[in-house]
Amino acid sequence: MASQLSLFTEYIPLVAKFPKTRYQGSKQKFVDWIWDCVKDIPFHSALDAFGGTGSVSFRLKEEGKQVTYNDILPFNYIIGKALIENKEICLTDCEINTLFSRNSAVEYPDFIERTFKDIYFTDEENRWLDVVSTNIRSMNNPYKQAIAYFALFQSCIIKRPYNLFHRKNLYVRLQDVERSFGNKKTWDTPFDVHFRKFVEEANNAVFDNGKVCRSINQNIFDVEPHYDFVYIDTPYLNDSGVGVDYADFYHFLNGLVDYDNWATRIDYDSKHLRLFRQQNVWNNSNTIHLAFERLFVQFQNSTLAISYRSNGIPTIEELVGILERLGKNVRIYQSGCIKYVLSTKRSNEVLIVAR
């Protein structure tokens, strides 16, 4: 049995490949460096506490770990289901064609076309979204549905200026002017073309590492603390007190997931029709210190790896102080100076490892 377990631990897929991500704050470009920092730490079960794109979860899965991906945003949870929990299910061309087709027995809603006119996509694109998202909701297999949603999310993101939904700015796509950013050809590529490409990327990411991996959608403070290793990449609050509101940046994708209740969740006083904002302890300088302390206490029996930046609130010194008071042995790794999308400042990407 011991030799079999060892065999699974060393298993690395030869074909599976993580999809390219366009997600704000993605750790995809750092994932090899992150693994290099923790690879000599013995652990079996791993929690990716704020999973995001799933790039770190995917790497841990590649390394034979029993991975739990968690994210509080429903659309991210579905991405985790498609790429991390899923071990064998793919979506076929025939099934894609069915998603693109109108079923004569179905009365298709027009909520997106009516509600989001001239905000994010053209009228024709909005009609396409109403049809395809309706067909996705009728799918029976949860993993096929998750792959279809993944492709839908990525298609929506890639057709957006800045890859975000933070502004009513369809006009940026449609204006016939010279641009210093973006790719008009990509913006104008039809949804169905993008969708097929992203299904292929998701299909290529599916593999079985011999462990039971799963995706969950919980507030991190409700997650049971029974993991050997916990990777933490919270929403970031810079030294000016400005945070990243992922729920606001990607609200449209969460709306797609909850289509039937979407209308009741929209803040109609906002120009870009975001969802009503929820209180977030990670975006508030008055609550973030206590949130980190609570998080570290919750998982104090696990090895912790915290992705951070050199100019954050709390400071690295403050985080280390909390960890050391809990009896942790702390090491700090720095990857070098980087600049993030939409940011005018440069900072060092830091990994704090506490055992």
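The structure presented is a predicted model; accordingly, all values stated were derived computationally and were not measured.

To continue, consider the pattern of salt bridges. Tallied over the entire structure, the rule returns 19 salt bridges. The residue Asp-245 makes a salt bridge to Arg-277 at a minimum N-O spacing of 3.7 Å. Here Arg-277 lies in the loop between α14 (262-265) and α15 (288-298) and Asp-245 lies in the loop between β4 (229-232) and α12 (246-249), a separation of 32 residues in the sequence. Across the salt bridge formed by Asp-258 and Arg-265, the nearest N and O atoms sit 3.1 Å from each other.

The next thing to look at is the packing of aromatic side chains. With the rule as written, the count across this model stands at 33 aromatic pairs. A centroid spacing of 6.3 Å and a plane angle of 80° characterise the contact between Phe-111 and Phe-116, whose relative ring orientation is edge-to-face. Measuring from ring centre to ring centre gives 5.7 Å for Phe-292 and Phe-296, while their planes differ by 50°; the resulting arrangement is tilted. Of the two residues, Phe-292 and Phe-296 are both situated in helix α15; the distance of four residues between them amounts to about one turn of the helix. Just as Phe-292 is buried, Phe-296 falls in that class too. Here a set of aromatic residues connected by ring pairs shows up, and it is made of Phe-100, Phe-111, Phe-116, Tyr-120, Phe-121, Trp-128, Phe-165, Phe-191, Phe-195, Phe-252, Tyr-259 and Trp-262. Over the ring of Tyr-162 we find Arg-167, and its NZ or CZ is 5.7 Å from the ring centre.

Moving on, we get to unusual backbone geometry. In this model, Ile-313 is joined to Pro-314 through a cis peptide bond whose omega is 0°. The topology assignment puts Pro-314 in the loop between β5 (303-309) and α16 (316-325). The phi angle at Asp-118 is positive, at roughly 65°, despite the residue not being glycine. Tracing the sequence through the fold places Asp-118 in the loop between α6 (111-115) and α7 (123-137). Even without glycine at this site, Asn-163 takes up a positive phi of about 60°. For Asn-163, the location among the structural elements is in the loop between α8 (142-158) and α9 (170-174). According to the relative accessible area criterion, Asn-163 is partly exposed, its value standing at 22%.

Looking at Asp-245, the relative accessible area reads 22%, which means it is partly exposed. When the C-alpha atoms of Asp-245 and Arg-277 are compared, they prove to be 9.4 Å apart, with 32 residues separating the residues in sequence.

Let us now look at the confidence of the model for the protein. Here the protein averages 91 in pLDDT, and 90% of its residues register 70 or above. Predicted confidence for residues 1-14 stays below pLDDT 50, and this span has 17 contacts to residues more than four positions away or in other chains. Within the model, the stretch residues 339-343 combines pLDDT values under 50 with 11 contacts to residues more than four positions away or in other chains.

Residues Phe-229 and Tyr-231 of β4 are buried on one face, and the alternating residues Val-230 and Ile-232, pointing to the opposite face, are buried as well. Bridging between strand β1 (residues 45-48) and β4 involves three bridges; their strand directions are parallel. Looking across to β4, one finds that Asp-48 is bridged to Tyr-231. Sheet analysis places β4 next to β5, joined by four bridges and oriented parallel. Looking at β5, one finds that Val-230 is bridged to Leu-304.

With that out of the way, let us pick up helix α2 (residues 31-38). Looking at α2, one finds that the buried residues are Val-31, Ile-34, Trp-35, Cys-37 and Val-38. Seen end-on, α2 carries its buried residues on one side only, within an arc spanning 155°.

Time to look at the packing of helix α5 (residues 93-100) against helix α11 (residues 191-204). The geometry of α5 relative to α11 is characterised by a closest axis approach of 11 Å and an angle of 150° between their N-to-C directions. With respect to the hand of their crossing, α5 and α11 are arranged in right-handed fashion. Across the interface between the two elements, Asp-93, Ile-96, Asn-97, Leu-99 and Phe-100 of α5 pack against Asp-192, Phe-195, Arg-196 and Val-199 of α11. Residue classes in the contact of α5 with α11 are distributed as five nonpolar, one polar and three charged.

Rules and cut-offs
Residues numbered from 1 in each chain as written. Predicted model: local features only at pLDDT ≥ 70, side-chain atom pairs only at ≥ 80, totals over all residues. Heavy atoms only, no water. Salt bridge = Lys/Arg side-chain N within 4 Å of Asp/Glu carboxyl O. Helix = DSSP H or I, 4+ residues; strand = E, 2+ residues; numbered from the N terminus. Phe/Tyr/Trp six-rings, centres within 6.5 Å; stacked < 30°, edge-to-face > 60°. Buried < 20%, exposed > 50% of the residue type's maximum accessible area, 1.4 Å probe, protein only. Lys NZ or Arg CZ within 6 Å of the ring centre and 35° of its normal. pLDDT = per-residue confidence, 0-100. Contact = heavy atoms within 4.5 Å. Pairing = 2+ DSSP bridges. Arc of directions from axis to C-beta. Axes fitted to C-alpha atoms, helices over the stretch in contact; angles between N-to-C directions. Left-handed = near helix turned anticlockwise from the far one by under 90°. Nonpolar A, V, L, I, M, F, W, Y, C, P; charged D, E, K, R; others polar.

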